[in-house]
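One-letter residues, chain by chain:
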Amino acid sequence: MTTREITSPEELADLLGAPTPRARDKERTVLHQRDREWLAASPFCLVATAGADGSCDVSPKGDPAGFTLVLDETTIAIPERPGNRRADGYRNILANPHVGLIFLIPGRTDTLRINGRARLVVDAPYFADMVVKGHRPVLAVEVAIEQIFYHCAKAFFRSELWRPETWQPDALPTRARLVKEVEAPTENLADLERHYGPDYVKTIYT
């Protein structure tokens, strides 16, 4: 059997069919009160970016619920905390400001999607509202909203993501062992296990 590739929008439309009027027309450009409430309840989002050459990155961002600030009806801000310093997504934003965001609420099977143009801000008056455990953010990603809508629940139902009885966290080795085997084979496993052990969570804001 040969591989068949879709190479045109027309072929894609023939395969998938037309969206329903509700799906087609649901996108907005201004935050609704329910969007604000969703952001206030969400502790986690995914930030998708693309570089000038088209190379892509998706980075998870998480903090206490409400970590994404609503600055006005068309602008939000997401704090950045200390991380691995790769800054792949942020380098992309400097070259190409377009971003795609998906906001999750644990246990909810629908999601909030926001697309827009981002900029990196190193300080602003609202940084005081982003302090967690005494720590200000390293920077913030301000997003000027161009498109916002809710996404249906089918992927979550198919994956059974929120059903604990389906979870298998031990299906793969621990983070320390993955680092040892895949990323840093010369590092000592005992040291890696201490680093990623119970005290690891104490360092996430420093």
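Here is what the cut-offs are and how they apply
- Residues numbered from 1 in each chain as written.
- Predicted model: local features only at pLDDT ≥ 70, side-chain atom pairs only at ≥ 80, totals over all residues.
- Heavy atoms only, no water.
- Core = buried A, V, L, I, M, F, W, Y, C linked by side-chain atoms within 4.5 Å.
- Buried < 20%, exposed > 50% of the residue type's maximum accessible area, 1.4 Å probe, protein only.
- Helix = DSSP H or I, 4+ residues; strand = E, 2+ residues; numbered from the N terminus.
- Contact = heavy atoms within 4.5 Å.
- Salt bridge = Lys/Arg side-chain N within 4 Å of Asp/Glu carboxyl O.
- Pairing = 2+ DSSP bridges.
- Axes fitted to C-alpha atoms, helices over the stretch in contact; angles between N-to-C directions.
- Phe/Tyr/Trp six-rings, centres within 6.5 Å; stacked < 30°, edge-to-face > 60°.

Considerations on the nonpolar core
Line of reasoning, step 1. Ranked by size, the top nonpolar core spans 22 residues in total, and within it I76, I78, L101, F103, I114 and V141 carry the most contacts.
Line of reasoning, step 2. When contributions to this core are tallied by element, the ones reaching two or more residues are α3 (33–41), β1 (44–50), β4 (75–80), α4 (88–95), β5 (98–104), β6 (111–121) and β7 (139–151).
Line of reasoning, step 3. In terms of residues, this core owes the most to one element, β7, which gives 5 residues.
Line of reasoning, step 4. Not counting the four nearest positions on each side in its chain, F103 is found in contact with W38, L39, S42, F44, C45, T68, I76, I78, T111, L112 and I114.
Line of reasoning, step 5. L69, A124, Y126 and F127 belong to the second largest nonpolar core, which has 8 residues in total.

Considerations on the pattern of salt bridges
Line of reasoning, step 1. If you walk through the whole model with that rule in mind, you get 14 salt bridges.
Line of reasoning, step 2. Linked by salt bridges that have partners in common, E160, R163 and E165 make up one network.

Considerations on the environment of L101
Line of reasoning, step 1. Its location among the elements puts L101 in strand β5.
Line of reasoning, step 2. On the accessibility criterion, L101 (2% relative accessible area) is buried.
Line of reasoning, step 3. Measuring from C-alpha to C-alpha, the distance between L101 and K26 comes to 17 Å, with 75 residues separating the pair along the chain.

Section: the sheet that holds β7
Line of reasoning, step 1. Strand order in this open sheet of 7 strands is β2-β1-β5-β6-β7-β4-β3, and the pairing throughout is antiparallel. Each edge of the sheet is formed by a strand with only one pairing partner; in this case those strands are β2 (56–62) and β3 (69–72). Sheet twist, expressed as the average angle between the axes of neighbouring strands with direction ignored, equals 35°.
Line of reasoning, step 2. In the sheet, β1 pairs with β5 via 6 bridges, with the strands oriented antiparallel.

A short note on the packing of aromatic side chains
For any pair of aromatic rings, geometry is given as the distance between the ring centres together with the angle between the planes.
Line of reasoning, step 1. In the structure shown here, the tally under the stated rule is 4 aromatic pairs.
Line of reasoning, step 2. Plain terms: the ring middles of Y126 and F127 are 5.5 Å apart, the flat faces sit at 45° to each other, and that makes the pair tilted.
Line of reasoning, step 3. You can call F127 buried: its relative accessible area is 1%.

Fair warning: the whole summary comes from geometry, so function is off the table for now.
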